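What the coordinates show
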Amino acid sequence: MADTVLYEVSDGLATITLNRPEAMNALNIATKVALREAAESAARDTAVRAILLTAAGDRAFCVGQDLKEHIGLLVADRETGSGQTMSTVKEHYNPIVKALTEAPKPVVAAVNGVAAGAGFGFALAADYRVVAETAAFNTSFAGVALTADSGISWTLPRVVGPGRAADLLLFPRSISAQDALELGIANRLVPAAELRAEGEKVARALAEGPTVAYAAIKEAVAYGMTHSLAETLEKEDELQTRAGQSEDHAIAVQAFVNKEKPKYLGR
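Residues numbered from 1 in each chain as written. Predicted model: local features only at pLDDT ≥ 70, side-chain atom pairs only at ≥ 80, totals over all residues. Heavy atoms only, no water.

Spatially, six strands are ordered E1-E2-E3-E5-E7-E10 in an open sheet, and the strand pairing comes out mixed. Looking at the sheet topology across the chains shown, the edges are occupied by strand E1 (5–10) and strand E10 (188–190). If you compare each strand with its neighbour and ignore which way they point, the axes differ by 20° on average. The pairing of strand E2 (residues 13–18) with strand E3 (residues 50–55) spans six bridges and is parallel. Considered in E3, the bridge of Thr15 is made with Leu52. (Pairing = 2+ DSSP bridges. Helix = DSSP H or I, 4+ residues; strand = E, 2+ residues; numbered from the N terminus. Axes fitted to C-alpha atoms, helices over the stretch in contact; angles between N-to-C directions.)

Next comes the structure, spelled out in structure tokens:
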């Protein structure tokens with residue numbers, strides 16, 4: 001894995017850190033490949049019970065595509081007619097978003113600075129966003145004559161509603177951390193100096209929680225957004241049966257009876 005993305009697993013928590021602060025954590029090919037590998041590894045590793053996605057530096061979480069690299073690739077495409085430049089959506093962005101949204105465990109994004117374009121999309125792919133008071137968000141795509149990618153056409157309307165999503169996509173602009181909180185993009189605002197500690201605190205609390213139940217909650221919410229009430233009720237029955245058969249459910253019930261704090265096993 002390239003050093004543009006750092007990956008560490010400790011006590012059930014996988015921490016993925018974008019590590020190109022000098023480039024505002026822009027996504028060149030090496031970074032996209034490494035991020036895809038890290039996200040997929042964290043999603044499938046049964047020892048990982050929560051994922052923390054964050055970034056190095058204090059200026060940017062991720063400003064999206066590395067446009068300096070992108071320009072060179074566009075020129076090469078025109079010269080060769082290969083058309084390979086835009087394959088990055090299928091090869092990189094889609095697998096990254098699927099790994100984060102479909103991971104059977106909670107994903108927390110600790111947003112330390114500007115999250116633009118695909119960086120915004122990756123933050124929205126998380127289940128919970130802890131955001132520095134100095135951070136900002138921008139869809140960016142229309143500003144460079146592109147459409148939405150990185151799942152943002154699916155996630156953004158579900159967070160802010162279709163009308164606001166259309167506005168933010170058609171007229172890209174900087175959204176302050178406070179505005180992001182009011183729109184529901186940010187779940188929690190913290191001073192920039194406290195972001196990493198607070199992000200880890202939230203993620204570790206989830207890593208110590210009932211993982212099977214969390215996975216079921218993620219699946220239920222995603223399913224319910226695109227299915228009828230009748231279908232969703234059937235899905236809830238299926239998922240509740242799964243959660244109810246978990247060891248963690250038995251542990252939680254016994255702890256409740258004993259008036260103790262449960263110590264979950266994640267299974």
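Now that the structure has been shown, the text picks up again.
Looking now at the side chain of Asn112. Following the sequence through the fold, Asn112 ends up in the loop between strand E5 (107–111) and strand E6 (114–116). A polar side-chain atom of Asn112 sits 2.7 Å from the main-chain carbonyl oxygen of Gly57. Within the structure, Asn112 has its side chain in polar contact with the backbone oxygen of Ala60 (distance 3.2 Å). When sequence neighbours within four positions are dropped, the list of residues in contact with Asn112 reads Ala55, Ala56, Gly57, Asp58, Ala60, Phe61, Ala132, Thr134, Ala135 and Leu195. (Polar contact = N/O pair within 3.5 Å; in protein donor to acceptor, adjacent residues only side chain to side chain. Contact = heavy atoms within 4.5 Å.)

Another aspect to go through is the domain arrangement of the chain. Interface size is often expressed as the accessible area that is lost when the parts come together. Assigned domains within the chain: domain 1 (5–208) and domain 2 (211–258). Taking only C-alpha atoms, the centre of domain 1 and the centre of domain 2 are 27 Å apart. Listed as interface residues are twelve residues of domain 1 and, on the opposing side, seven residues of domain 2. The interface formed by domain 1 and domain 2 includes one salt bridge. Among the salt bridges present, the one from Lys218 reaches Asp127, with a minimum N-O distance of 3.1 Å. In this assembly, domain 1 and domain 2 are joined by five residue pairs in polar contact (both at pLDDT 80 or more). Here the side of domain 1 that touches domain 2 is built from residues that sort into seven nonpolar, one polar and four charged. (Domains from an automatic or database assignment. Salt bridge = Lys/Arg side-chain N within 4 Å of Asp/Glu carboxyl O. Nonpolar A, V, L, I, M, F, W, Y, C, P; charged D, E, K, R; others polar.)

With that settled, consider the pairing of E3. In terms of burial, E3 is a largely internal element, six of the six residues being buried. Neither face of E3 is left uncovered, since the one carrying Ala50, Leu52 and Thr54 and the one carrying Ile51, Leu53 and Ala55 both have all their residues buried. Following the chain from E2 across helix H1 (residues 29–44) to the adjacent parallel E3, one finds a crossover that is right-handed. Pairing of E3 with E5, which is carried by three bridges, proceeds in the parallel orientation. Pairing of Leu53 across the sheet is with Ala109, part of E5. (Buried < 20%, exposed > 50% of the residue type's maximum accessible area, 1.4 Å probe, protein only. Right-handed = clockwise from strand over helix to strand, strands pointing away.)

What follows is about the pattern of salt bridges. One pass over the structure, following the stated rule, counts eleven salt bridges. In this structure, Glu238 and Arg242 form a salt bridge, with 3.5 Å as the shortest nitrogen-oxygen distance. Here the residue Glu238 and the residue Arg242 both occupy positions in helix H10 (residues 229–244), the gap between them amounting to four residues, near one helical turn. Residue classification places Arg242 among the partly exposed residues on the basis of a relative accessible area of 36%. Within this structure, Glu219, Lys235, Glu238 and Arg242 form a network of salt bridges that share partners.

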